[in-house]
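Here are the chains, one letter per residue:
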Amino acid sequence: MLAVRAVRGLFRRPIYWQDMIVQMDVVGVGSLTIILLTGFFTGGVLALQTYPTLKYYGAQDQTGFLVATSLVRELGPVLAGLMVAGRVGSAFSAELGSMTVSQQIDAMRALGTDPVRKLVAPRLLALILMLPLLTLIADIVGICGGWAVSTGLYKIAGSTFSSVWQGLSSNDIFGGMVKSFSSGCSSALSPSRQASARPAVRSESAGRRRPP
Amino acid sequence: MVTTETEASLPGPGDRVADSGVVDLEGSPQAPQHEREIPAIEFRNVHLSFDDRKVLDGLSFKVMKGETKIILGGSGGGKSTTIKLVLGLLKPDEGQILVDGDDITDFTEYEMSTVRKKIGMIFQEGALFDSLSVYDNVAYRLHEQGVAEDEVEQEVRRMLRFVDLEDAIDQMPIELSGGMRRRVGIARALVGGPKIVLFDEPTAGLDPPTARTICELAIKLRDLEDVSSMFVTHEMNNVEYLTSEYAVVNEAGEIIFEDEGERICLINTKILMIRDGQLIFSGSDETLFKSEDPYIRRFLRGR
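These numbers come from a predicted model, not from an experiment.

Visitor: For this particular structure, what's the right way to read the overall build of chain A?
Guide: Counting its regular elements, chain A contains 8 helices and 0 strands. Of the regular secondary structure in chain A, the N- to C-terminal order runs α-α-α-α-α-α-α-α. Taking all 212 residues of chain A together, the buried fraction comes to 42%. Within chain A, residue pairs in contact and separated by at least 24 positions form 90% of the contacts whose partners lie at least 6 positions apart.

Visitor: Would you mind showing me how to read the nonpolar core here?
Guide: A general tendency of soluble globular proteins is for nonpolar side chains to be buried together. Residues V86, V138, A187, L198, A218, M230 and L272 of chain B are the most contacted members of the largest nonpolar core, which totals 120 residues. Among the elements that make up this core, the one with the highest residue count is helix α5 (residues 115–152) of chain A (16 residues). Among residues more than four places away in sequence, those in contact with A187 of chain B are V138, M159, L160, F162, V163 and L165 of chain B.

Visitor: Is there a simple way to think about the interface of chain B and chain A in this case?
Guide: Often the size quoted for an interface is simply the accessible area lost on bringing the parts together. In this assembly, 20 residues from chain B lie in contact with 18 residues from chain A. When contributions to the side of chain B that touches chain A are tallied by element, the ones reaching two or more residues are α3 (109–116) and α5 (140–144) of chain B. Residue composition of the side of chain B that touches chain A, by class: 9 nonpolar, 2 polar and 9 charged.

Visitor: Please explain the confidence of the model for chain A as it appears in this structure.
Guide: When pLDDT is low, close inspection of the predicted coordinates is not appropriate. Residues at a pLDDT of 70 or more form 86% of chain A, whose mean pLDDT is 80. Ignoring residues within four places in sequence, the model shows residues 197–212 of chain A, a span with pLDDT below 50, making 21 contacts including any to other chains.

Visitor: Teacher, can you tell me more about the packing of helix α3 (residues 63–101) of chain A against α5 of chain A here?
Guide: Packed helix pairs are characterised by how far apart their axes lie and by the angle those axes make with each other. Packing of α3 of chain A against α5 of chain A brings their axes to within 7 Å, and their N-to-C directions diverge by 145°. You can see that α3 of chain A and α5 of chain A cross each other, and the crossing is right-handed.

Visitor: Can you help me understand the packing of helix α2 (residues 17–56) of chain A against α5 of chain A in this one?
Guide: Residue and element names in this part refer to chain A. The contact between α2 and α5 brings their axes to 6 Å, and the two run at 25°. Taken together, the axes of α2 and α5 lie roughly parallel to each other. Handedness of the crossing formed by α2 with α5: right-handed. Taken together, the residues that form the contact of α2 with α5 break down as 26 nonpolar, 11 polar and 3 charged.

Visitor: Quick question: what am I supposed to make of the sheet that holds strand β4 (residues 94–99) of chain B here?
Guide: Sheets are built from strands paired through backbone hydrogen bonds, the pairs being either parallel or antiparallel. Residue and element names in this part refer to chain B. Strand order in the open sheet made by the 4 strands is β2-β1-β4-β5, with antiparallel pairing throughout. Both edges of this open sheet fall to β2 (53–63) and β5 (102–103), since each of them pairs with a single strand only. When strand β1 (residues 41–50) meets β4, the two strands line up antiparallel, connected through 5 bridges. Paired with R44 across the strands is Q96, a residue of β4. On top of the sheet, helix α2 (residues 79–87) reaches β1, β2 and β4; it is set at about 65° to β2, its chief contact.

Visitor: For this particular structure, what's the right way to read the environment of M20 of chain A?
Guide: Residue and element names in this part refer to chain A. Secondary-structure assignment places M20 in helix α2. The class of M20 is partly exposed, set by 18 C-beta atoms lying within 10 Å. In the structure, M20 is positioned 160 residues away from S180 in sequence and 19 Å away in space, judged by C-alpha atoms. Aside from chain neighbours lying at most four places away, what touches M20 is P122, L125 and A126.

Visitor: Even after reading the chapter, I still don't get the pairing of β2 of chain B, so can you show me in this structure?
Guide: Residue and element names in this part refer to chain B. The pairing of β1 with β2 spans 8 bridges and is classified as antiparallel. Of the residues in β2, the one forming a bridge with V46 is L59. From the end of β1 to the start of β2, which pair antiparallel, there are 2 residues, and D51 there has a positive phi angle of about 55°.

Visitor: Which parts of the structure should I look at to understand unusual backbone geometry?
Guide: Peptide bonds are mostly trans, and most non-glycine residues show a negative phi. Residues and elements named next belong to chain B. Residue A127 is not a glycine yet carries a positive backbone phi of 50°. The residue A127 is located in the loop between β6 (119–122) and α4 (134–138) in this model. Here D164, not a glycine, exhibits a phi torsion of approximately 60°, which is positive. For D164, the position within the fold is in the loop between α6 (149–162) and α7 (178–190).

Visitor: Quick question: what am I supposed to make of the sheet that holds strand β7 (residues 196–200) of chain B here?
Guide: Residue and element names in this part refer to chain B. Ordered by their spatial adjacency, 6 strands build an open sheet running β6-β7-β8-β3-β11-β12, and the pairing between neighbours is mixed. Across the chains shown, the open sheet's two edge strands, defined by having one partner strand only, are β6 and β12 (278–283). When the angles between neighbouring strand axes are averaged without regard to direction, this sheet yields 15°. In this sheet, strand β8 (residues 228–232) lies alongside strand β3 (residues 68–72) in parallel orientation, the contact comprising 4 bridges. Pairing of I71 across the sheet is with V232, part of β8. Contacts from α7 reach β6 and β7, with the element oriented near 170° to β6.

Visitor: How should I be thinking about the confidence of the model for chain B in this particular structure?
Guide: Residues and elements named next belong to chain B. For chain B, mean pLDDT is 80; residues scoring 70 or higher make up 86% of the total. Looking at the elements of chain B, mean pLDDT is at its lowest for helix α1 (residues 5–8), recorded as 34, and at its highest for α4, recorded as 92. Within the model, the stretch residues 1–28 combines pLDDT values under 50 with 52 contacts to residues more than four positions away or in other chains.

The rules we used
Residues numbered from 1 in each chain as written. Chains lettered and ligands numbered in written order. Predicted model: local features only at pLDDT ≥ 70, side-chain atom pairs only at ≥ 80, totals over all residues. Helix = DSSP H or I, 4+ residues; strand = E, 2+ residues; numbered from the N terminus. Buried ≥ 20, exposed ≤ 12 C-beta atoms within 10 Å, placed from the backbone. Contact = placed C-beta atoms within 7 Å. Core = buried A, V, L, I, M, F, W, Y, C linked by C-beta atoms within 7 Å. Nonpolar A, V, L, I, M, F, W, Y, C, P; charged D, E, K, R; others polar. pLDDT = per-residue confidence, 0-100. Axes fitted to C-alpha atoms, helices over the stretch in contact; angles between N-to-C directions. Left-handed = near helix turned anticlockwise from the far one by under 90°. Parallel < 35°, antiparallel > 145°, perpendicular 65-115°, else oblique. Pairing = 2+ DSSP bridges.

Here it is in structure tokens:
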């Protein structure tokens with residue numbers, strides 16, 4: 001119900017462009033540092049841990065492929081999703097929750113603004129757009145981390161690491177993006193539902209019982 | 001809206017609720033003859049429960065145009081809930097709520113936005129938007145309506161002058177004292193000139209002079225702007241100010257507050273008392289202070 005109202009809020013006037021840009025800045029630019037750090041070190045550690053095993057089987061030139069596939073298909077979306085859910089989702093909860101407690105949501109409704117359109121819709125759009133981008137950045141930085149460890153520590157030739165591109169298909173990348181899209185939706189909607197929309201939903205669902 | 005002794009004896013539009021404490025539950029059977037006869041707010045047998053707890057149990061009353069209804073009652077008695085129902089922030093389980101003659105009971109959130117334009121609400125703690133400056137808070141409604149910035153600034157300054165806070169225009173809510181926050185909340189609620197204003201314990205936790213200032217603002221709205229209002233409180237000095245003083249503009253163009261004294265009687269301010277979601281008193285302050293009801297006596301004396 002909240003998701004439907006939020007999505008409808010994206011297309012109905014007034015559209016809060018400025019709030020959307022602010023939220024994209026908060027979600028995207030604000031999360032960049034943590035995504036860069038976790039992505040880079042995850043890629044590096046992946047290469048560090050898998051290289052000895054692959055070398056045992058004589059398949060060390062597949063390190064890049066393994067790092068890239070793991071990151072693009074699973075770890076990138078999961079890491080970006082978790083980091084953003086932890087950082088941004090909890091911030092949304094705290095912000096909207098305190099607005100509810102201090103009656104700012106009621107005040108907003110009293111002033112004729114739909115809080116779902118004003119608060120939830122821009123956050124939803126920001127997460128839907130920013131999380132796949134952050135995932136892409138996490139993937140690229142993670143592969144760079146894997147490359148740095150492979151070439152710096154294990155002295156694999158850079159050209160060997162280019163096996164990365166052999167195994168990746170557009171389906172892998174698309175699959176990763178779909179995962180980050182869905183985690184973006186849940187990161188925006190769950191805190192909003194818990195924090196701000198609950199009184200509104202309750203007041204509507206507790207509305208009058210209409211005669212049959 | 002100040003009435004002299006001779007006028008007070010005439011049946012005025014605000015006299016439907018008798019001073020005897022009996023409430024006309026059904027309303028007038030005749031169609032209103034004049035626009036002022038349509039109540040600004042009307043509750044008809046309103047019931048509301050949260051889970052198993054009854055908050056309002058058959059509440060009926062009217063607030064006529066230009067009238068102030070003071071809602072008294074203990075904490076948790078349903079006072080704030082009553083004004084949230086007027087704004088459609090809550091919906092009743094049963095009964096009807098009319099604003100300016102329109103039955104808003106079944107209005108959707110979208111339909112309510114039109115009704116809410118007529119109403120200004122002052123929340124307990126001001127409920128200012130933390131992330132916006134005083135200017136943006138007061139200008140909020142106008143920004144939403146897409147009004148040109150020059151007009152917005154003019155209106156915001158005018159409203160801040162009304163609450164005597166023009167100097168705080170660029171401050172953030174966190175920098176303001178409790179009283180200033182309430183006054184900014186009043187300025188924000190009054191932008192657009194709403195004809196109905198709801199006060200939800202606007203003086204709770206404030207020092208007496210600041211509380212007095214807020215009551216003066218409510219008196220000015222009632223007497224000089226012809227605003228209908230509901231004033232939820234449990235502080236008896238608020239009741240005293242609102243029922244015994246009136247605002248007039250003197251020949252020098254200044255707003256002065258005069259005591260009703262012996263010469264006049266304020267009939268446009270009535271008191272409702274709610275206990276456990278039921279109306280236990282409706283009438284003037286004089287009748288309230290003479291009431292023999294043990295709960296009312298205890299409420300007035302504090303013991």
